[in-house]
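Each chain, letter by letter, is given below.
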Amino acid sequence: MRVTVKLFATFREGRFKVEEKDLPDSSRVIDVLLPLNITPEEVAICLVNGRDVNEQHVLNDGDTIALFPPVGGG
Amino acid sequence: MNFEGRYKRNSETFSKIDQLKFAASTVAIVGCGGLGGYIAEEFARIGVGRLILIDGDRLEVSNLNRQIMATELNLGQYKVEAAQERLGIVNSEVRIEVVKGWFEEDRGAELFREVDLVCDALDSMQARVGLERVCHQMALPLVFASIAGWFGQLGVSLPGDYSVSKLFGRADRGVESIWGNPAFTPAVLASLSVAEGVKILVGRQPSLRHAWLQVDLQTMEFERFEIQY
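Heads up: these notes are all about the structure in this document. Each chain carries its own residue numbering, running from 1 in the direction its sequence is written. Chains carry letters and ligands carry numbers; both start at the beginning, A for chains and 1 for ligands, and go up in the order they are written. Residues qualify for local features only when their pLDDT is at least 70, as the model is predicted, and side-chain atom pairs are given and counted only at 80 or more; totals for whole chains, interfaces and linings, by contrast, use all residues. The side-chain figures draw on all heavy atoms in the structure; neither hydrogens nor water molecules are used.

### Regarding the pattern of salt bridges
Where we set the bar: Here, a salt bridge means any side-chain nitrogen of Lys or Arg that lies within 4 Å of a carboxyl oxygen of Asp or Glu. Counting from the N terminus, the helices are DSSP H or I runs at least four residues long and the strands are E runs at least two residues long. Any residue under 20% of the maximum accessible area for its type is buried, any over 50% is exposed, and the rest in between are partly exposed; the area is computed with a 1.4 Å probe on protein chains only.
Overall, the coordinates contain 20 salt bridges over all chains when judged by the stated rule. The shortest N-O distance in the salt bridge between arginine 12 of chain A and glutamate 221 of chain B comes to 3.1 Å. One end of the pair, arginine 12 of chain A, is in the loop between strand E1 (2-7) and strand E2 (18-22); the other, glutamate 221 of chain B, is in strand E8 (residues 221-226), on a second chain. On the basis of relative accessible area, arginine 12 of chain A is assigned to the buried category, the value being 16%. Residue class for glutamate 221 of chain B comes out partly exposed when judged on its relative accessible area of 23%. As a salt-bridge pair, aspartate 57 of chain B and lysine 79 of chain B come within 3.8 Å of each other at their nearest N and O atoms.

Okay, structure coming up:
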């Protein structure tokens, strides 16, 4: 299956802004994170098709995954 | 109120009635660093009648790169006192009240007495979530903003929304601990906060309820995301 991965803020450093990825069926969000060298703890928000999910969420063909690091400064 | 003098250039954007509403309003700004300093500056210039500034920190040399209240002359001074002095000569019509201490959840009722709007300009995730809880308990609207490097997030949480806990509930620390904060990011996010805040003060709908704005000043992208309930 094919999904679109969108990275935001500092996650883009040394990676990309948006990329399409081929994944085995029933892959989870965690399977997208690991090859990107992003740990679940580093993710403040993960949206799949606009809905807030955790790293165990099972992906479907055509999904868009958006990953945001925590931005907390004042 | 003299609409032809100090507030002449607010007019058309804001009606005389809006301007009177500002004068009768109180905004509490929690955190008086990069974001809070600019937020206080803009609300004072716009003509909000009373500002409550809350921060237990003193100015230090590493604040000079971005905090509008910091100068080479006032290092070591409480941030809220430095702000009070500056705003006193920016707009002496504004009553500036300062709290030299940290926001704590059990002090909400005391800190936010007769407050119309709260601005979250904190730098700790936990404190942000606690502040939202207090605002909801006290039925107060909250504008929240956060910054790190070239990036920022901004939104509005009205009682019952829990936007902050959704956005900030998971992490302990943000990437700002690595990326720092340059001068322009707090200025931009503070201005966006005030633009949302004034709408609430005059009784218009804020634009970022049940949503947040993801700001990227590297790519100049401002993207809105909905917070699903």
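### Digging into the sheet that holds strand E3 (residues 95-99) of chain B
Residues and elements named next belong to chain B. As a reminder of what qualifies: Any two strands with at least two DSSP-identified bridges between them are counted as paired. Between N-to-C directions, angles cover 0 to 180 degrees, with each direction set by a line fitted to C-alpha atoms, over the stretch in contact for helices.
A sheet is described by the order of its strands in space; here eight strands give the open sequence E3-E2-E1-E4-E5-E6-E7-E8, paired in mixed fashion. The strands lining the two open edges of the sheet, one partner per strand, are E3 and E8. The mean angle between the axes of side-by-side strands here comes to 15°, regardless of whether they run parallel or antiparallel. Examined bridge by bridge, strand E6 (residues 151-157) and strand E7 (residues 211-216) share five bridges and lie antiparallel to one another. Counted as the bridge partner of glutamine 153 is glutamine 214 from E7.

### Concerning the environment of threonine 185 of chain B
Residue and element names in this part refer to chain B. Our working rule: Here, residues are in contact when the closest pair of their heavy atoms is within 4.5 Å.
Turning to its location among the elements, threonine 185 is positioned in helix H8 (residues 184-202). Distance from threonine 185 to glycine 149, taken between C-alpha atoms, is 7.1 Å for residues 36 residues apart in sequence. Once residues within four sequence positions are removed from consideration, threonine 185 is found in contact with Ile147, Gly149, Trp150, Phe151 and Leu217.

Just geometry here; none of it tells us what the structure is for.
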